[in-house]
Amino acid sequence: MLQPFVLEEPTSIHEAVALRARYGATAGLYAGGTELLLTMKEGLLRYERLVNIKLIPELAGLALEDGALHIGAITTHRRLERSPVVRTYFSTMAEMAAHVANVRVREVGTLGGNLCFAEPHADPGTLLLVYDASVALAQQGGTRMLALEQFFVGPFEVALADDEILTAIRVPALPAHTAAAYLKYGLLERPSVGVAVAVTARPDQVQEVRIAVGCVGPTPRRLRDVESLLSQKDLPEVRATLDAAGALAGSAADAVTDLHGSAEYKSYLVGVLLRRAFERAYQQAIGGDTGDAARGSGTA
Amino acid sequence: MRFATQVTVHVPRQSVWDFLWDVPRLTACVPGCEAVEEIEPNIRYQAVVRDKVGPFSLRVPLAVEVLEATAPVRLRARAQGRDATVQSLVKVELTLVLVETSAQTTTLQIDTDVTVLGKLGTLGHSVMVRRGEAIVAQFASALQAALGQEVP
């Protein structure tokens, strides 16, 4: 049963960070509530106060700005899935958002909430890592930008201070001749393994590969050692290296045996999904200039 | 969930065994362990263990029972308790085996079998696996450090 709490309803970032400064860790941030309310009902989390940030218009933006996608923290997965701007210029993100959890979660769950809750078996963080995304964290003294890679600290733990709120996610456009792919697999409601790959390529020539693995380890992570194995190579050489890269990615993913499967099983799946995601991203990359968000502008 | 590790210390086996019965020093090696009380010497104890993962806190009062004490070779104990807030049952079976690798060196094999039932058991299994591994590793490392201060 949900325990009683005081509900604060700020209508600006200024008011919200003032509440955070005043109440610190005793106040929880409430956006979609898909994870928060579930854990509060189960008694796993207790807050004296909830700060409802859904009434803050500044957190609702979704627009292209200087070649990057600006996503307000309270943007729902459903909005990302349906936004013409996202579907056109960040189609892999729209596709990923379309498969987060189920439609009820997507309708109210927010990207900011998903990242802040840092449940290890989540999709968005993994894909956003190959975009080199960053987050805007506001407090009373101002706003700082932090690379998403540094935002994830551990399971359910992020680099958000008790007096800060995440206001937006900045997703730079992929470079020219680059495409991304995200593949996941799981037997339970949450995925067991998620692999994101971004490939910059000309026909038969792979220039750069970015790889991130999620769900398997305590946080989503970029696998730069594996990336360097596949970058700056001819396509036949990359394909010949994919098995070794998959094995390395599997071991670097830091899998544990749990209800989602054995560590061996998950490590093996990382390799399988890496090979498939690479092929998908490569084919899309050589199919046209996909890093075109920089050329667009507008709002969703 | 089973977690196993071992540490080798430059301390005779009998000294390691004696250390295991020095309750304040031993429990100081267990991460998050506090309020240890002796109920029946060498047989029953009680303690409280706290842990925190992100915003989630756990506080479990544990009843500890020594199941087997074969000096100076093997000690087996069971700890069991329930977190009052989330009503999750935590049960730990600990087996310590002392192998004399030389007159002055002992290898301590640590085997832990942890069962968590209730909401915690279903909502955060993978996190608990990781925390379990980390806690056993910290325990082993703290034991090694504490025994390193023993005078052989």
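Look up a bit, the structure's there.
Figured I'd write up the structure that's included with this text. Remember, predicted model here, so these are calculated numbers, not experimental data. (Residues numbered from 1 in each chain as written. Chains lettered and ligands numbered in written order. Predicted model: local features only at pLDDT ≥ 70, side-chain atom pairs only at ≥ 80, totals over all residues. Heavy atoms only, no water.)

## Digging into the overall build of chain A
Here's step 1: Scanning chain A from terminus to terminus reveals 12 helices and 16 strands.
Here's step 2: In terms of overall dimensions, chain A is globule-like: its C-alpha atoms have a radius of gyration of 19 Å, near the 19 Å expected for 300 residues.
Here's step 3: When burial is assessed residue by residue, chain A has 57% of its 300 residues classed as buried.
Here's step 4: Expressed as a percentage of contacts within chain A between residues at least 6 apart in sequence, the contacts between residues at least 24 apart total 64%. (Helix = DSSP H or I, 4+ residues; strand = E, 2+ residues; numbered from the N terminus. Rg over C-alpha atoms; globule rule 2.2 N^0.38 Å. Buried < 20%, exposed > 50% of the residue type's maximum accessible area, 1.4 Å probe, protein only. Contact = heavy atoms within 4.5 Å.)

## What to know about the interface of chain B and chain A
Here's step 1: If you look at the interface, chain B gives 16 residues, while chain A gives 22 residues.
Here's step 2: Summed over both sides, the interface of chain B with chain A buries roughly 1,600 Å², with 70% coming from carbon and sulfur.
Here's step 3: Across the chain B-chain A interface, the total number found is one salt bridge.
Here's step 4: Arg-130 of chain B serves as the salt-bridge partner of Asp-254 of chain A, at 3.4 Å between the closest nitrogen and oxygen.
Here's step 5: At the junction of chain B with chain A, the criterion picks out two residue pairs in polar contact (both at pLDDT 80 or more).
Here's step 6: Among the elements of the structure, α3 (119–123) and α4 (125–148) of chain B are those that each provide at least two residues to the side of chain B that touches chain A.
Here's step 7: The greatest single-element share of the side of chain B that touches chain A, amounting to six residues, is contributed by α4 of chain B.
Here's step 8: Class assignment for the residues of the side of chain B that touches chain A results in eight nonpolar, five polar and three charged. (Buried area = accessible area lost by both parts, 1.4 Å probe. Salt bridge = Lys/Arg side-chain N within 4 Å of Asp/Glu carboxyl O. Polar contact = N/O pair within 3.5 Å; in protein donor to acceptor, adjacent residues only side chain to side chain. Nonpolar A, V, L, I, M, F, W, Y, C, P; charged D, E, K, R; others polar.)

## Quick notes on the pairing of strand β13 (residues 205–214) of chain A
Residues and elements named next belong to chain A.
Here's step 1: Within β13, seven of the 10 residues are buried, which leaves the element mostly enclosed by the surrounding structure.
Here's step 2: Relative to β13, strand β12 (residues 193–202) is paired through nine bridges, and the arrangement is antiparallel. In the strand pairing of β13, Val-197 is matched with Ile-211.
Here's step 3: In textbook terms, the turn of a hairpin is the stretch between consecutive antiparallel strands, and for β12 and β13 this stretch comprises two residues, one of which, Asp-204, has a positive phi near 70 degrees.
Here's step 4: Sheet analysis places β13 next to strand β14 (residues 221–222), joined by two bridges and oriented antiparallel. When the bridges of β14 are listed, Val-213 appears paired with Arg-221.
Here's step 5: The hairpin formed by β13 and β14 contains six residues between the paired strands, and Cys-215 there has a positive phi angle of roughly 75 degrees. (Pairing = 2+ DSSP bridges.)

## Topic: the sheet that holds strand β7 (residues 105–117) of chain B
Residues and elements named next belong to chain B.
Here's step 1: Pairing is antiparallel in the open sheet, where seven strands are placed in the order β1-β7-β6-β5-β4-β3-β2. This sheet does not close on itself; its edge strands, each paired only once, are β1 (2–9) and β2 (33–40). Adjacent strand axes in the sheet meet at a mean angle of 20 degrees when their direction is disregarded.
Here's step 2: Pairing analysis gives 10 bridges linking strand β5 (residues 74–83) to strand β6 (residues 88–102), with the strands arranged antiparallel. Along β6, the bridge assignment pairs Leu-75 with Leu-96.
Here's step 3: Each of β1, β4 (56–70), β5, β6 and β7 is contacted by helix α1 (residues 13–20), which is oriented at about 160 degrees to β6, the strand it contacts most.
Here's step 4: On the sheet, α4 packs against β1, β3 (44–53) and β7 and is oriented at approximately 15 degrees with respect to β1. (Axes fitted to C-alpha atoms, helices over the stretch in contact; angles between N-to-C directions.)

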